[in-house]
Amino acid sequence: MHPPDLKDSQARRAFIRANTIARAPPHCPEIMLHLAHDALELWRLSEEELGAIGLPPPFWAFAWAGGQALARYVLDNPDIIRGRSVIDFAAGSGMVAIAAMKAGAACACATDIDLFAIEAIGLNASLNGIVIEPRAGDIIGQDCPPDSVILAGDICYEQASARAVTDWLAAQHQAGRTVLIGDPGRTYLAKDRLVPIAEYQTPVMASLEDAEVKRTNVWRFR
């Protein structure tokens, strides 16, 4: 398989369709996503072929624990976002933004630095019959609109990036915006700055995680 042209939106969408199937993440049956056929096969393809043209791993092709927990929390607690503007930060598949729109958000923007994620977000929004604004690029350091709700799932994989994201989200919280984080307690989660507000037993892909079910929390800043 030839790696898709990074600059070609249609090629990126074709790649996503060819390597995924439409199905519901286990913790959020209300949502349909384009998810990987085979986790290890797609990950290996990314390392061997997509990596050659500088593409990041396909985080957009999986329903990660933190995102599933956050989406579940939003669906079960719609008053938090009903009628409000939502930002799904580092959105991946766009699952959390989709949950927000299903729960009654006025609008949702899903941001990611990966152009494949941006295409996946658009495809997944269409799959669920809703409209989401995919936004490519890094918004760390920018101020979000007043009274917006910022939702961030699975953002604490790497030490340096986790610290930068956490500091930025903390600043948004201090400015009066609602900030919620979904995370199963990964190494670089700043637990000393956060309070858990919900806990879920979240099914995940054992081939990518260290278990088939992860105890996952939704967190807010202290």
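Computed from a prediction, not measured in an experiment: that's the story for all the values here.

*Asks:* Looking at this structure, I do not really get the packing of aromatic side chains. What am I missing?
*Replies:* How two aromatic rings sit relative to each other is set out by the distance from centre to centre and by the angle between their planes. Across all of its chains, the model carries 8 aromatic pairs by this definition. Both rings, one in Phe 62 and one in Trp 64, keep their centres 5.8 Å apart while their planes meet at 70°; by these two values the pair is edge-to-face. Residue Phe 62 is classed as buried on the basis of its relative accessible area, which comes to 4%. For Trp 64, a relative accessible area of 13% gives the class buried.

*Asks:* Just to check I follow, could you spell out the environment of Ala 110 for this structure?
*Replies:* With respect to the secondary-structure elements, Ala 110 resides in strand β4 (residues 107–112). Separated by 26 residues in the primary sequence, Ala 110 and Arg 84 have C-alpha atoms spaced 14 Å apart. When neighbours within four sequence positions are excluded, Ala 110 is seen to be in contact with Asp 88, Ala 91, Ala 97, Ile 118, Ile 121, Ile 132, Glu 133, Pro 134 and Arg 135.

*Asks:* Help me out: how do you make sense of the state of the cysteines in this one?
*Replies:* Disulfide: a covalent bond connecting the sulfur atoms of a pair of cysteines. For the coordinates displayed, the defined rule picks out 0 disulfides. Distance from the sulfur of Cys 109, which forms no disulfide, to the nearest cysteine sulfur (Cys 107) is 8.4 Å. A relative accessible area of 6% places Cys 109 in the buried class. With no disulfide of its own, Cys 156 has Cys 144 as its nearest cysteine by sulfur position, at a separation of 17 Å. Taking the relative accessible area as the measure of exposure, Cys 156 reaches 2% and is therefore buried.

Rules used in this analysis
Residues numbered from 1 in each chain as written. Predicted model: local features only at pLDDT ≥ 70, side-chain atom pairs only at ≥ 80, totals over all residues. Heavy atoms only, no water. Phe/Tyr/Trp six-rings, centres within 6.5 Å; stacked < 30°, edge-to-face > 60°. Buried < 20%, exposed > 50% of the residue type's maximum accessible area, 1.4 Å probe, protein only. Helix = DSSP H or I, 4+ residues; strand = E, 2+ residues; numbered from the N terminus. Contact = heavy atoms within 4.5 Å. Disulfide = S-S within 2.5 Å.

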